[in-house]
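Residue-level structure breakdown
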Amino acid sequence: MKRSLRISAVTPLALVALVTGTGAGFAATTTPRAAPVATHAFDAAPAAAAAAAPTRTFQGALPAPTGPYAAGEDVIHLTDENRPDPWVPSSGPRQLTVTMIYPAVPGTGTPAPYMTPAEAAGIIEHRHLPPSTGITPQTLSGVTTHAFDGARPKRGTYPLVVLSPAYENPRMTLTSLATELASHGYVVALVGHTYEDFGETLANGQTPSCAICNDPATIDSIPASRALDVSFVIDRLTRGNTAWRLAHLIDKHRIGMAGHSIGGASAAAAMIADPRVRAGVNMDGTFKPAPAPGQVDRPFLMLGEADSDDDNWRQSWAALGGYKKWLTVVGADHFSFTDLEVLQKQAGFPSPPLSPERGVVITREYVTAFFDQTLKGIHRPLLDGPSRDNPEVLFHR
């Protein structure tokens with residue numbers, strides 16, 4: 001399977017069609033992200049047709065988390081004074097926007113937006129969306145996320161999981177996974193990789209767009225760059241004068257990372273570069289490059305669609321040391337492991353053979369079980385082998 005080709009070429013078309021076709025609500029919690037949505041049935045929705053159609057309305061909602069805790073949310077802005085931005089050096093030091101989602105007391109806080117109005121407005125302008133789509137900054141930012149700004153944290157310390165999205169995708173595309181993890185006792189850092197998607201609102205209020213989205217030659221260098229982003233984020237959350245008011249919730253000795261697509265490759269790159277990352281998950285991403293034997297000797301989960309059994313994954317699997325699992329999901333497509341299929345369905349687009357709701361359930365259950373087992377030391381039978389409750393999930397090797 002040519003995941004990298006899909007990431008760099010098909011995904012932008014998908015987003016254009018999603019947004020011009022009916023108006024997808026991206027909902028999440030904080031900042032910008034234009035997100036690609038699925039790889040099928042979108043290419044044919046021209047803006048002219050949307051302009052002629054009656055004005056639509058869209059109200060999107062992500063699935064509610066299933067754990068005993070609520071999901072609180074904060075947005076923090078970080079600047080690495082020791083590192084120029086790798087994509088736009090003239091912009092100065094590397095700036096990152098990070099959404100922190102944490103275990104919270106139910107019934108506290110206020111509903112968190114999916115993105116800022118500026119981020120939503122940037123998407124609308126960039127895609128030349130006509131008013132007839134019903135897409136406004138309010139509908140884009142107003143998708144229900146089940147995360148709550150300013151929610152009271154649940155006392156305790158929790159493992160930290162860093163999440164990294166696909167190339168050209170905003171961090172919000174992994175919000176449903178983030179809220180699920182938080183509801184089961186994890187602090188989650190959703191990292192927005194500036195200039196790698198269509199807009200992240202920074203500390204100065206500016207929302208720069210993607211600087212590398214039309215340059216596929218940059219793809220191979222993204223994982224190493226993101227590994228530096230992730231190490232910097234971990235530093236700022238766990239060392240000295242921390243950058244987050246609730247950093248005391250983090251158990252700095254239990255850190256994992258998961259990512260979708262190029263974000264999954266970045267999870268492996270981060271584990272190679274930073275021994276603090278004790279467990280990793282690659283959701284349907286080509287490893288760039290495939291790890292060499294001995295480079296990743298900590299637990300790793302490979303979770304992909306049915307045709308992910310390619311040379312890249314076989315080579316990577318053979319090189320992984322320690323506890324490892326390789327799972328594929330029958331009927332899934334590339335975006336079944338994100339929020340995007342759910343929002344796409346709510347916007348009226350066709351779905352892959354695996355229902356979007358099942359994609360979210362499977363992703364949440366197996367990723368949470370993996371981190372429970374590797375970061376919390378809780379045995380999860382779900383990972384032992386095939387399950388009658390999840391017949392779509394196949395165990396390889």
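Nothing here was measured: the structure is a model prediction, and the numbers come from that model.

Definitions and limits used
- Residues numbered from 1 in each chain as written.
- Predicted model: local features only at pLDDT ≥ 70, side-chain atom pairs only at ≥ 80, totals over all residues.
- Heavy atoms only, no water.
- Buried < 20%, exposed > 50% of the residue type's maximum accessible area, 1.4 Å probe, protein only.
- Helix = DSSP H or I, 4+ residues; strand = E, 2+ residues; numbered from the N terminus.
- Pairing = 2+ DSSP bridges.
- Right-handed = clockwise from strand over helix to strand, strands pointing away.
- Phe/Tyr/Trp six-rings, centres within 6.5 Å; stacked < 30°, edge-to-face > 60°.
- Contact = heavy atoms within 4.5 Å.
- Axes fitted to C-alpha atoms, helices over the stretch in contact; angles between N-to-C directions.
- Parallel < 35°, antiparallel > 145°, perpendicular 65-115°, else oblique.
- Left-handed = near helix turned anticlockwise from the far one by under 90°.
- Nonpolar A, V, L, I, M, F, W, Y, C, P; charged D, E, K, R; others polar.
- Polar contact = N/O pair within 3.5 Å; in protein donor to acceptor, adjacent residues only side chain to side chain.
- Core = buried A, V, L, I, M, F, W, Y, C linked by side-chain atoms within 4.5 Å.
- 1 Å grid on protein atoms, 1.4 Å probe; cavity = no way out; pocket = protein on both sides within 12 Å on 5 of 7 lines; lining within 4 Å.
- Points joined across faces, edges and corners; volume = space filled by probe spheres on them.
- Expected span 1.5 Å × (residues − 1).
- pLDDT = per-residue confidence, 0-100.

1. A closer look at the pairing of strand 6 (residues 187-192)
Burial within strand 6 is extensive, with 6 of its 6 residues counted as buried. Side chains Val187, Ala189 and Val191 project from strand 6 onto one buried face, and the interleaved Val188, Leu190 and Gly192 project onto a second face that is buried too. When strand 2 (residues 93-104) meets strand 6, the two strands line up antiparallel, connected through 5 bridges. From the neighbouring strand, Val98 faces strand 6, where its bridge partner is Val191. Judged from the 4 bridges that link them, strand 5 (residues 158-164) and strand 6 form a sheet pairing that is parallel. Bridging from a neighbouring strand, Leu163 pairs with Leu190 of strand 6. With respect to chirality, the unit in which strand 5 leads through helix 5 (residues 175-183) into the neighbouring parallel strand 6 is right-handed.

2. A word on the packing of aromatic side chains
In the structure shown here, the tally under the stated rule is 9 aromatic pairs. When the centroid spacing of 6.3 Å and the interplanar angle of 65° are considered together, the rings of Phe287 and Trp313 count as edge-to-face. Placement of the pair is Phe287 in the loop between strand 8 (277-283) and strand 9 (300-305) and Trp313 in helix 8 (residues 311-319), with a sequence separation of 26 residues. Residue Phe287 is classed as buried on the basis of its relative accessible area of 3%.

3. Description of the sheet that holds strand 11 (residues 393-396)
A sheet is described by the order of its strands in space; here 11 strands give the open sequence 3-4-1-2-6-5-7-8-9-10-11, paired in mixed fashion. The open sheet has two edge strands with one neighbour each: strand 3 (110-111) and strand 11. Of the strands in this sheet, strand 1 (70-84), strand 2, strand 5, strand 6, strand 7 (250-260) and strand 8 touch helix 6 (residues 222-238), which is tilted by about 115° from strand 1. Strands in contact with helix 10 (residues 356-375) are strand 5, strand 7, strand 8, strand 9, strand 10 (324-329) and strand 11; relative to strand 8, the strand with the most contacts, it is inclined by about 160°.

4. Observations concerning the packing of helix 6 against helix 7 (residues 262-273)
Packed helix pairs are specified by the crossing angle of their axes together with the interaxial distance, meaning the distance between the axes. Axis separation between helix 6 and helix 7 bottoms out at 8 Å; the angle between their running directions is 60°. Viewed along their axes, helix 6 and helix 7 adopt a mutual orientation that is oblique. As helix 6 packs across helix 7, the resulting crossing turns out to be right-handed. When helix 6 is examined against helix 7, the residues Ile222, Pro223, Ala224, Arg226, Ala227 and Val230 are found in contact with a partner set consisting of Ile262, Gly263, Ala265, Ser266, Ala269, Ala270 and Ala273. Of the residues in the contact of helix 6 with helix 7, the class split is 10 nonpolar, 2 polar and 1 charged.

5. Considering the side chain of Arg83
Counting through the fold element by element, Arg83 comes out in strand 1. By relative accessible area, which is 11% here, Arg83 ends up buried.

6. Regarding the environment of Glu365
Among the secondary structure elements, Glu365 is positioned in helix 10. Here the alpha-carbon distance between Glu365 and Asn390, two residues 25 residues apart in the chain, equals 9.9 Å. When near neighbours in sequence (up to four residues on either side) are disregarded, Glu365 contacts Leu382 and Asn390.

7. Digging into the environment of Asn390
Note that Asn390 resides in the loop between helix 10 and strand 11. C-alpha of Asn390 to C-alpha of Val329: the two residues are 61 residues apart in sequence and 9.3 Å apart in space. When residues no more than four places from it in sequence are discounted, the contact partners of Asn390 are Arg358, Ile362, Glu365, Tyr366 and Leu382. Polar contacts involving the side chain of Asn390 include one to the side chain of Glu365, which spans 3.3 Å.

8. Comments concerning the nonpolar core
Core analysis: the largest hydrophobic core is formed by 42 residues, its most contacted members being Met100, Leu160, Val187, Leu237 and Trp244. The element that contributes the greatest number of residues to this core is helix 6, accounting for 6 residues. Setting aside chain neighbours within four positions, we find Met100 in contact with Gly72, Glu73, Asp74, Ile76, Leu160, Val187, Val188, Ala189, Leu237 and Trp244.

9. Quick notes on empty space enclosed by the protein
Within the structure shown, the criterion is met by 1 cavity of 30 Å³ or more. If you add up the space inside the largest cavity, you get close to 50 Å³. Taken together, Thr173, Leu174, Ser176, Leu177, Phe337, Thr338, Asp339, Val360, Thr363 and Arg364 make up the lining of the largest cavity. Counting only elements with at least two residues in the lining of the largest cavity, the list comes to helix 5 and helix 10. With 3 residues, the single largest contributor to the lining of the largest cavity is helix 10.

10. Quick notes on the environment of Arg314
Looking at where Arg314 falls in the secondary structure, it is placed in helix 8. Between the alpha carbons of Arg314 and Arg397 there is a distance of 9.7 Å; along the sequence they are 83 residues apart. Beyond its immediate stretch of four places on either side in the chain, Arg314 contacts Asp309, Trp326 and Arg397. Engagement of the side chain of Arg314 in a polar contact is seen with the side chain of Asp311, the distance being 2.4 Å.

11. Section: helix 6
Between its first and last C-alpha, helix 6 extends 24 Å over 17 residues, near the 24 Å set by a 1.5 Å rise per residue. Just beyond helix 6, the residue with positive phi is Gly240, at close to 55°.

12. Here we look at the confidence of the model for the protein chain
For residues with low pLDDT, the predicted coordinates do not support detailed interpretation. Per-chain confidence: the protein chain averages 85 in pLDDT, with 82% of residues scoring 70 or above. Here residues 4-52 scores under 50 on pLDDT; set against residues more than four positions off or in separate chains, the count is 203 contacts.

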